[in-house]
Amino acid sequence: MADTKIHNLFPTPVYTTGLDYIPHQDELNFIKSQDFQQNKYNHRSVDSYLLEKEELSTLRNEIDKHVQFYFKEVYQPNNQVSLHITQSWCNKTFPGEMHHKHAHTNSIVSGVYYISANSDTDRIYFDKGIFNPLEIEAVNYNIHNASTWYFPVETGMLVLFPSSLLHYVDVVQQDQERESRMSLSFNTFIKGSIGSEFFLSELNL
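Everything quoted here is computed from the prediction, not taken from an experiment.

J.: Please set out the pairing of strand E9 (residues 157–162) residue by residue, giving values where relevant.
T.: Each regular strand shows side chains that alternate between the opposite faces of the sheet. Counting buried positions over the 6 residues of E9 gives 6, a clear majority of the element. Looking at chain direction, strand E1 (residues 15–18) and E9 are connected through 4 bridges and run antiparallel. Following the sheet pairing, Gly18 is matched in E9 by Met157. Bridge count between strand E6 (residues 109–116) and E9: 5 bridges; the pairing is antiparallel. Within E9, the residue paired with Gly111 across the bridge is Leu160.

Written as structure tokens, this is what we have:
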């Protein structure tokens with residue numbers, strides 16, 4: 001079959017990286033000292049604006065560099081527009097707990113920075129979120145036939161993805177090196193002007 005190719009049309013951009021910046025112990029202590037409340041199947045910090053705190057200003061700046069890079073590379077905006085971090089909170093998931101499948105409303109790009117994660121056992125799962133009327137068992141799963149996909153995660157790793165993308169955490173396994181799996185999650189929204197004045201779609205934010 002000459003000139004045959006399978007095209008990946010409208011792919012979902014998931015960004016993974018390790019931060020060059022290593023948080024100082026006082027920053028980690030600040031995060032770990034937060035008050036936590038029960039989430040659906042795990043725990044999250046009471047404070048949902050952690051990255052606005054002066055104690056985490058350097059970490060926020062480092063994360064924001066990657067947020068802006070992701071936005072420019074993926075969206076390549078024509079307008080004078082950028083993303084800014086809105087809410088940010090800490091997730092704490094103990095062995096035997098999980099994080100339910102969900103997406104983030106009122107956000108463009110969401111992210112997770114891992115404070116304590118083990119690449120041998122910890123993963124972030126993404127779900128296609130589309131009902132499949134036919135279930136065809138595959139010999140090998142790939143990005144075309146899989147309804148879920150996961151990435152191993154580790155301490156110091158940052159993951160960015162469209163906020164509408166369903167994601168979840170499977171049951172956390174026991175780890176002698178830590179008390180719980182911990183991550184710092186955040187949402188973003190547009191700041192600037194989008195749309196067109198001429199086409200009556202302009203929106204200044």
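Read on, since the account is not over.
J.: Which residues make up the pattern of salt bridges, and what values go with them?
T.: Under the defined criterion, the tally for this structure stands at 6 salt bridges. The shortest N-O distance in the salt bridge between Asp122 and Arg178 comes to 2.6 Å. One end of the pair, Asp122, is in the loop between E6 and strand E7 (123–127); the other, Arg178, is in the loop between strand E10 (166–169) and strand E11 (181–194), and 56 residues separate them in sequence. For Asp122, a relative accessible area of 1% gives the class buried. A network of salt bridges, in which partner residues are shared, links Asp122, Asp175, Arg178 and Arg181.

J.: Account for the packing of aromatic side chains, naming residues and giving values.
T.: Applying the stated criterion across every chain yields a total of 8 aromatic pairs. Centre to centre, the rings of Tyr125 and Tyr168 are 5.0 Å apart; their planes meet at 10°, and the pair counts as stacked. Of this pair, Tyr125 sits in strand E7 while Tyr168 sits in strand E10; the two residues are 43 residues apart in sequence, bridging distant segments of the chain. The residues Tyr125 and Tyr168 share a single accessibility class, namely buried. In textbook terms, an aromatic cluster arises when at least three aromatic residues are bridged by ring pairs, as seen for Tyr15, Phe69 and Tyr70. For Lys92, the ring lying beneath its charged end belongs to Phe36, and the centroid distance is 4.2 Å. Its end group placed over the ring of Tyr150, Arg123 keeps NZ or CZ at 3.9 Å from the ring centre.

J.: Tell me what's going on with the side chain of Arg181, and back it up with residues and numbers.
T.: Mapped onto the elements, Arg181 comes out in strand E11. According to the relative accessible area criterion, Arg181 is buried, its value standing at 5%. For Arg181, the side chain forms a polar contact with the main-chain oxygen of Arg123, separated by 3.1 Å.

J.: Which residues make up the sheet that holds strand E5 (residues 99–102), and what values do they have?
T.: Pairing is antiparallel across the open sheet formed by 4 strands, whose spatial order is E5-E10-E7-E8. In this open sheet, the two strands that pair with only one neighbour each are E5 and strand E8 (148–152). In this sheet, neighbouring strand axes are inclined to one another by 20° on average, regardless of whether the strands run parallel or antiparallel. Direction of pairing for E5 relative to E10: antiparallel, over a ladder of 2 bridges. Paired with His102 across the strands is His167, a residue of E10.

J.: Explain the pairing of strand E4 (residues 81–93) to me, and be specific about the residues and the numbers.
T.: Taken together, the 2 bridges between strand E3 (residues 43–45) and E4 define a ladder with antiparallel strand orientation. When the sheet's bridge partners are listed, His43 is paired in E4 with Lys92.

What counts and what doesn't
- Residues numbered from 1 in each chain as written.
- Predicted model: local features only at pLDDT ≥ 70, side-chain atom pairs only at ≥ 80, totals over all residues.
- Heavy atoms only, no water.
- Buried < 20%, exposed > 50% of the residue type's maximum accessible area, 1.4 Å probe, protein only.
- Helix = DSSP H or I, 4+ residues; strand = E, 2+ residues; numbered from the N terminus.
- Pairing = 2+ DSSP bridges.
- Salt bridge = Lys/Arg side-chain N within 4 Å of Asp/Glu carboxyl O.
- Phe/Tyr/Trp six-rings, centres within 6.5 Å; stacked < 30°, edge-to-face > 60°.
- Lys NZ or Arg CZ within 6 Å of the ring centre and 35° of its normal.
- Polar contact = N/O pair within 3.5 Å; in protein donor to acceptor, adjacent residues only side chain to side chain.
- Axes fitted to C-alpha atoms, helices over the stretch in contact; angles between N-to-C directions.

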